[in-house]
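# Coordinate inspection notes
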Amino acid sequence: MFDGTCHCGAVRFSVSEAPQWLTRCNCSSCRRRGGLWAHFGSDKISLTFEPDVVIRYIWGDKTLANVFCKTCGCTTHWENLDTTPGARMGLNFNMCEPKAIEGLRIRHFDGADTWEYLD
Ligand SMILES: [Zn+2]
């Protein structure tokens, strides 16, 4: 089980399976926010937050929304704007305790240019 929470605790997630890997991305958005992404189908994820505690940031081709806590500013996850059940979404595993995620493989994704993994 992997649990994550923003700094102030207003936004929480949990997922019961390990991600295949964690993704660091160098696109213009991710390099600024510093996400460490784990991807799952939305049906695998439990998210807990009140509707008014987050802000959604949508840009570019408008396929996803980056979601961050209004109070503490942490980017906790991204939501797929395709609302089909099970659509892929991303959790920012920087919200997890370091001990819980140590040992997970980290891959570097070239979201800035080639749209491929660099390893
Ligand atoms: Zn917060």
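Quick caveat: nothing in here was measured; it's all calculated off a predicted structure. (Residues numbered from 1 in each chain as written. Predicted model: local features only at pLDDT ≥ 70, side-chain atom pairs only at ≥ 80, totals over all residues. Heavy atoms only, no water.)

### Some points on the pattern of salt bridges
Within this structure, the stated rule accounts for four salt bridges. Its salt-bridge partner being glutamate 79, residue arginine 56 comes within 2.6 Å of it at the nearest N-O pair. Taken as a pair, arginine 56 in strand S6 (residues 54-58) and glutamate 79 in strand S8 (residues 75-80) lie far apart in primary sequence, 23 residues in all. Among the residues examined, arginine 56 registers a relative accessible area of 40% and is labelled partly exposed. One salt bridge connects arginine 107 with aspartate 119, and the closest N-O pair in it is separated by 2.8 Å. (Salt bridge = Lys/Arg side-chain N within 4 Å of Asp/Glu carboxyl O. Helix = DSSP H or I, 4+ residues; strand = E, 2+ residues; numbered from the N terminus. Buried < 20%, exposed > 50% of the residue type's maximum accessible area, 1.4 Å probe, protein only.)

### A look at the nonpolar core
Across soluble globular proteins, nonpolar side chains show a tendency to be buried alongside one another. Ranked by internal contacts, the top residues of the largest apolar core, which has 27 residues, are Val15, Phe40, Leu91 and Phe93. Of all elements in the fold, only strand S2 (12-15), strand S3 (22-25), strand S4 (37-41), strand S7 (64-69) and strand S9 (88-92) reach the threshold of two or more residues within this core. Per-element accounting of this core gives the leading share, three residues, to S4. (Core = buried A, V, L, I, M, F, W, Y, C linked by side-chain atoms within 4.5 Å.)

The values are spatial; any link to function lies outside them.
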